[in-house]
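# Geometric and topological summary
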Amino acid sequence: MGTPAFLHAFDDEYKALFAGWYGPDWYSYLSNELITDFVKKNPPAKVNPFSASIGATWNLDGGYSTSLSLGRTQRAPSVRELYAYGNNLATNSYEVGLARSRSASSTFPESRTDVLETTRSADLTLRKVGGPIEFEVGVFYQDIEDYVFARLIETDSETGVPHNYLLYTAADATFRGVDGQVSFQLNDANRLTLFGDYVRAKLKTEDDNVPRIPPGRLGVRHQWSSGPFAVDAEYYHTFSQDRIASYETKTSGYDMLNATLSYRLELTPRQSAEFYVRANNLLNETAYVHTSFVKDQSPLRGRNMVIGVRYDF
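Heads up: these notes are all about the structure in this document. From a predicted model like this one, the values you see are computed outputs, not experimental measurements. (Residues numbered from 1 in each chain as written. Predicted model: local features only at pLDDT ≥ 70, side-chain atom pairs only at ≥ 80, totals over all residues. Heavy atoms only, no water.)

### Description of helix α2 (residues 26–41)
- Helix length check: α2, at 16 residues, gives a terminal C-alpha distance of 22 Å against a target of 22 Å (1.5 Å per residue), a fit within 8%.
- Taken together, the buried positions of α2 are W26, L30, S31 and F38. Down the axis, α2 shows its buried residues gathered within 130° of arc, on one side only. Exposed side of α2, more than 90 degrees from the buried face: T36 and K40 are the residues found there. (Helix = DSSP H or I, 4+ residues; strand = E, 2+ residues; numbered from the N terminus. Expected span 1.5 Å × (residues − 1). Buried < 20%, exposed > 50% of the residue type's maximum accessible area, 1.4 Å probe, protein only. Arc of directions from axis to C-beta.)

### Some details on the pattern of salt bridges
- The full count for this structure, using the stated rule, is 17 salt bridges.
- For R217, the salt bridge is made with D197, and the minimal N-O distance between the two is 3.0 Å. Of this pair, R217 sits in strand β10 (residues 217–226) while D197 sits in strand β8 (residues 190–203), and the two are 20 residues apart along the sequence.
- Judged by its relative accessible area of 29%, R217 is partly exposed.
- In this structure, the salt-bridge partner of R278 is E234, at a minimum N-O distance of 3.6 Å. Within this pair, whereas R278 is found in strand β13 (residues 271–280), its partner E234 is found in strand β11 (residues 229–238), the two being separated by 44 residues in sequence. (Salt bridge = Lys/Arg side-chain N within 4 Å of Asp/Glu carboxyl O.)

### Observations concerning unusual backbone geometry
- Here the phi dihedral of R212 falls at roughly 55°; this positive angle occurs in a residue that is not glycine.
- With respect to the helices and strands, R212 occurs in the loop between β9 (208–209) and β10.
- For N281, which is not glycine, the phi torsion reads 50° and is therefore positive.
- You can call N281 buried: its relative accessible area is 1%.

### Focus: the nonpolar core
- Within the largest apolar cluster, 12 residues are counted, these being F140, I144, Y147, F149, A171, A173, F175, V199, A201, L203, V210 and I213.
- Put simply, the parts of the chain that give this core at least two residues each are β6 (133–156), β7 (163–185) and β8.
- Broken down by element, the residue count for this core peaks at 4 residues, all from β6.
- Excluding residues that lie within four positions of it along the chain, Y147 makes contacts with E117, T169, A170, A171, A173, F175 and V210.
- Ranked by size, the runner-up nonpolar core spans 11 residues in total, among them Y83, A99, V148 and Y168. (Core = buried A, V, L, I, M, F, W, Y, C linked by side-chain atoms within 4.5 Å. Contact = heavy atoms within 4.5 Å.)

### Overview of the packing of aromatic side chains
- Applying the stated criterion across every chain, the model contains 9 aromatic pairs.
- With centroids separated by 6.3 Å and ring planes inclined at 50°, the aromatic side chains of F108 and Y165 adopt a geometry described as tilted. In this pair, F108 is assigned in the loop between α4 (101–104) and β5 (117–128) and Y165 in strand β7, connecting sequence segments 57 residues apart.
- Relative accessible area serves as the criterion here: at 12%, F108 is assigned to the buried category.
- Their ring planes at 20° and their centres at 5.9 Å tell us that Y147 and F149 sit as a pair that is stacked. The residues Y147 and F149 share a single accessibility class, namely buried.
- Through pairs of rings, three or more aromatic residues link up here, namely Y85, Y94, F108 and Y165.
- Sitting over the face of the ring of Y85, R100 holds its NZ or CZ atom 4.1 Å from the ring centroid.
- Of note, R217 hangs over the ring of Y236, and the distance from its end group to the ring centre comes to 5.2 Å. (Phe/Tyr/Trp six-rings, centres within 6.5 Å; stacked < 30°, edge-to-face > 60°. Lys NZ or Arg CZ within 6 Å of the ring centre and 35° of its normal.)

What follows is the structure in structure tokens.
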């Protein structure tokens, strides 16, 4: 990362004061001091991620197929994950990055700039296409070395609003899960789809779960179309999340009902406009998202409606 330029907006009286302290070349002195301090606190990071994958698909009779993919992928931490050191209003927290850990506390793990998140993964999928019934079901497994995540150190509730202290950490973890859907073409106008997903994530080096992992879902969607008109309604249940990290709190499950009415207008062979009305959370459920840093302060919106237009060209 680059070193920021030294900028100042001092009045003449302060310039004279600095000149008295540091001499006539005070500007260069302060600029060099700033650069030295910046580099010390934010050491450079250089990694060379490499990713590769291989996959195969077997086509079977009757529209069935199965596919297997194996991969080894690497990801460098983001600037935020490396160098964060201060308040983040979006997560209502004070964050400390991997490279700044010892700047915050001598009890924190060694500061690191060499982290390279490495994932070894396997995905197996079974599909069926064609005919009144179509489906796709997949299972996956990921073994991740140096998985980067924000670990909660403590929560300060002195002001009445919880404020979190987060330390970005690298630890080995495993993810495994399943997701899929099956669709039934009832007739030319109606289609019914069942869908769901579930993921389980654990830290290998600790007897703990990975934080902020989404809970399982199971739902149904009905789609109807006739000419330019289309309607779809979906209902799904998000289960409670009680497989949580030691410092997390359980998140209750909730039911969600959404519906959309749309009208598609073909303008030219290549252009079209779709006018739609979408109603969300028709049950007006109080729902909290477990993956959010501020789940308790920011639940999903209650019953609401969106009117819009989508233009394709």
